[in-house]
Amino acid sequence: IYSNYGLRVKAEQIEGELDDNFKLNHDGKSYFFKVYPTNTDLEFVAFQSDILDHLKTFDKTPKNILTNKKTSFASFIDDKNSVRYFRMNEWIDGILWSSVNPIDSELREKLGYVSARLVEKLKETKHNYSRSNFSWDLTNFLWTENHYDKINLKKEHCLVIKSLIDNFKNKKKEFEKLRKSLIHNDLNDNNIILSKG
C-alpha cells in the first residue's frame, strides 16, 4: 500500500467470495482494497475499474483511488510467482441491507429508485467486456438445467423451473435480437449499503 499509494495503513480483512478484500484505515479515513485472485483476466480488472471511473458522478458508488503512477489499478508478483492485480476505492460507511430489520416499503422504494438510476448510468457505458461462460450472467443460466433437480424441491416447483427453461430455449432467437445493456447483476442484500441514519 505504501509503495503504490504512499499511505501507511492499518488493514482489516473482510469477507469476499473470490478476491482478498481489506478495509484500510489511515488518519481517520477508510478505504476498500481488493486483491484479485491469480489468473484474473487483465481485461476484467480494467473493465471493473473503468465502470467505477464512469460512475464517478453517481453519488452512490465508490470512487477509484489512483496509485502514485495515476492508474486505477496495478499488480504485484506474489510468493508463488503469480501476477496479482489490485485496486483501491473509497470506503462507503454504513450498514448492510441484510442487517436491517424491518425493511419497510419506503426503504424498498428508495432501493428501486437508486437501482434504476444506476442502470441508467450503466446504459451510457461504452465498454464491451464480456465473459461468455460466466455462470452468474443471467443470460447464461441454461447451465442450471442439469442441476435444478438436485435441489430438494417439490415436484411442482421442478415443473415450474423446467417450464421457464423450455420457454427461454423456445424464445432464444428472439432474445438474441434484443438490445443489451450493462446491469449490476448482483444487487443482493450483502452488496447494498445503507447510511446509518
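1. A word on the pattern of salt bridges
(1) Moving on: According to the stated counting rule, one finds 10 salt bridges in the structure shown.
(2) Moving on: Asp19 serves as the salt-bridge partner of Lys34, at 2.6 Å between the closest nitrogen and oxygen. A residue pair is termed long-range when its members are at least 10 positions apart, and Lys34 in strand 3 (residues 29-35) and Asp19 in the loop between strand 1 (10-14) and strand 2 (20-26) qualify at 15 residues.
(3) Moving on: Classification of Lys34 by relative accessible area gives buried; the value is 9%.
(4) Moving on: What makes Asp19 buried here is its relative accessible area of 18%.
(5) Moving on: A salt bridge links Lys172 to Glu176; the shortest N-O distance between them is 3.3 Å. Highlighted residues: Lys172 and Glu176, both in helix 5 (residues 172-177), separated by 4 residues, approximately one helical turn.

2. Observations concerning helix 4 (residues 155-170)
(1) Moving on: The end-to-end C-alpha distance of helix 4 is 22 Å, a good match for the 22 Å that 16 residues give at a rise of 1.5 Å each.
(2) Moving on: Burial in helix 4 covers these residues: Cys158, Ile165 and Phe168. All buried residues of helix 4 lie within an arc of 90 degrees about the axis, which places them on one face of the element. Projecting away from the buried face of helix 4 at angles above 90 degrees are the exposed residues Lys155 and Asn170.
(3) Moving on: Along its buried surface, helix 4 packs onto helix 5.

Reading guide: rules and limits
- Just so you know, the residues in each chain are numbered from 1, in the order the chain's sequence is written.
- Confidence filtering applies because this is a predicted model: local features only for residues at pLDDT of at least 70, side-chain atom pairs given and counted only at 80 or more, and all residues used for totals across whole chains, interfaces and linings.
- Think of the side-chain values as coming from all heavy atoms in the structure, minus any hydrogens and water.
- Every case where a carboxyl oxygen of Asp or Glu lies within 4 Å of a side-chain nitrogen of Lys or Arg is listed as a salt bridge.
- Numbering of helices and strands runs from the N terminus, with a helix taken as a DSSP run of H or I at least four residues long and a strand as a DSSP run of E at least two residues long.
- Accessible area is worked out with a 1.4 Å probe on protein chains only. A residue is then buried under 20% of its type maximum, exposed over 50%, and partly exposed in between.
- Working rule for helices: expected span equals 1.5 Å times residues minus one.
- In this context, the arc is that of the directions from the helix axis out to the C-beta atoms.
- Contacts are assigned to residue pairs that have any heavy atoms within 4.5 Å of one another.

It is worth stressing that arrangement in space is one thing and function is another; only the former is reported here.
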